[in-house]
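Residue-level structural notes
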Amino acid sequence: MTILYAVFAYIILCFGTLCHEWAHSLFAVIFGVKSNVFDIHYSYMPLFIGINENVDYNLVAMLPHWQGILIAFAGLLVNFLFASGALILIIGFPHSKLLKYRWSFFFFYTLAFWNTIEWFNYMVIRNIFPSGDIAHMLRFDFSHTILLVTGILTSIGFLYLIFSSARLRFNEKFELSSHGQNVLLYNLIIIFVIGQSLTTLFLF
């Protein structure tokens, strides 16, 4: 069963990654610098390493800056909506039909967790060391100070909810023992730290 949940978690991660890139692509299509939403650079490497939105930001630079900012931010908007939506559902509506089964609860909790990792990665780490989507937003004159402060505050909020209220709901749903709760907590922390460490290594 643990292996099945691990595979399910990986599929959720890949799903979120695809949605992130498709969102960039969608806004590029809306603003006329691309013709096909699903025409992105796909990857068959683990964790979809190497995948990107296949948007020509030199063409984007010819657009009004606010459009360039929206194209660059679109993927992060998906991460924000997935994380916040899933957390609101888990914490605010724990008895919802959407959370009736363990696998559905696991889906939403994992969706919130992966997207929190992604949000923190971009809005904090890549904000301190500008790269990727954040670098594009700064290129189009978005305030670095506003972006960084917003990123830090929202990341703190997401992490607090993931590791407190939402995790308690998880413990209850899966009827975890004290040992099981500690194992879950340690695994979440380890995965979070490894994820951010790997990204930091790639930045340098």
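This text follows the structure it describes.
Summary of the structure given here. (Residues numbered from 1 in each chain as written. Predicted model: local features only at pLDDT ≥ 70, side-chain atom pairs only at ≥ 80, totals over all residues. Heavy atoms only, no water.)

Some thoughts on the overall build of the protein
Helix and strand content of the protein: eight helices and zero strands. For the protein, the α and β elements follow one another from N to C terminus as α-α-α-α-α-α-α-α. Here the protein has a C-alpha radius of gyration of 18 Å; the compact-globule value for 204 residues is 17 Å, and the two agree. By its C-alpha atoms, the protein is 55 × 35 × 30 Å across when sized along the principal axes. Out of the 204 residues belonging to the protein, those deemed buried represent 45%. Long-range pairs, those at least 24 residues apart, make up 69% of the contacts in the protein between residues at least 6 apart in sequence. Of the roughly 11,000 Å² of accessible surface on the protein, a fraction of 71% belongs to carbon and sulfur atoms. In the protein, the 9 positive side-chain charges and the 9 negative ones have mean positions that sit 15 Å from each other. (Helix = DSSP H or I, 4+ residues; strand = E, 2+ residues; numbered from the N terminus. Rg over C-alpha atoms; globule rule 2.2 N^0.38 Å. Buried < 20%, exposed > 50% of the residue type's maximum accessible area, 1.4 Å probe, protein only. Contact = heavy atoms within 4.5 Å. Areas by Shrake-Rupley, 256 points an atom, 1.4 Å probe, with all protein chains shown as cover. Lys, Arg positive; Asp, Glu negative; His and termini not counted. Charge placed at Lys NZ, Arg CZ, Asp CG, Glu CD.)

Some words on the side chain of S84
Mapping S84 onto the fold places it in helix α3 (residues 65–92). Using a relative accessible area of 16% as the deciding quantity, one classes S84 as buried. For S84, the side chain forms a polar contact with the main-chain oxygen of L81, separated by 3.5 Å. (Polar contact = N/O pair within 3.5 Å; in protein donor to acceptor, adjacent residues only side chain to side chain.)

Notes on the packing of aromatic side chains
One pass over the full model with this rule turns up 20 aromatic pairs. Aromatic side chains F8 and F106 sit 5.8 Å apart centroid to centroid with 25° between the ring planes, which places their arrangement in the stacked category. With F8 in helix α1 (residues 2–30) and F106 in helix α4 (residues 102–128), the pair connects residues that are 98 residues apart, well separated along the chain. Overall, F106 belongs to the buried group, its relative accessible area being 11%. Considering the side-chain rings of F80 and F158, the 5.6 Å spacing of their centres and the 55° angle between planes classify their relative orientation as tilted. Of this pair, F80 sits in helix α3 while F158 sits in helix α6 (residues 144–163), and the two are 78 residues apart along the sequence. Overall, F158 belongs to the buried group, its relative accessible area being 6%. Connected via pairs of aromatic rings, a cluster forms that spans Y5, F8, F105, F106, F107, F108, Y109, F170 and F174. Residue placement shows R126 over the ring face of Y122; its charged tip is 4.4 Å from the ring centre. (Phe/Tyr/Trp six-rings, centres within 6.5 Å; stacked < 30°, edge-to-face > 60°. Lys NZ or Arg CZ within 6 Å of the ring centre and 35° of its normal.)

Describing the pattern of salt bridges
Note on pairing: side chains with opposite charge can pair once their charged atoms come close. Under the criterion given, the structure shown has one salt bridge. Between E175 and R102 there is a salt bridge, and its shortest N-O distance comes to 3.6 Å. Of this pair, E175 sits in the loop between α7 (165–173) and α8 (178–203) while R102 sits in helix α4; the two residues are 73 residues apart in sequence, bridging distant segments of the chain. R102 sits in the partly exposed class, given a relative accessible area of 35%. (Salt bridge = Lys/Arg side-chain N within 4 Å of Asp/Glu carboxyl O.)

Re the nonpolar core
In this structure, V60, I71 and Y109 are the most contacted members of the largest nonpolar core, which totals 50 residues. If one sorts the elements of this core by residue count, α4 sits on top with 15 residues. For Y109, the residues in contact, after removing those within four places along its chain, are I90, I162, A166, R167, F170 and L188. (Core = buried A, V, L, I, M, F, W, Y, C linked by side-chain atoms within 4.5 Å.)

Some words on the packing of α4 against α7
Packing of α4 against α7 leaves a shortest axis separation of 11 Å and a crossing angle of 160°. Considering their axes alone, α4 and α7 lie roughly antiparallel with respect to each other. As α4 packs across α7, the resulting crossing turns out to be left-handed. Residues R102, F105, F106 and Y109 of α4 lie in contact with α7, whose contacting residues are A166, R167, R169, F170 and K173. (Axes fitted to C-alpha atoms, helices over the stretch in contact; angles between N-to-C directions. Parallel < 35°, antiparallel > 145°, perpendicular 65-115°, else oblique. Left-handed = near helix turned anticlockwise from the far one by under 90°.)

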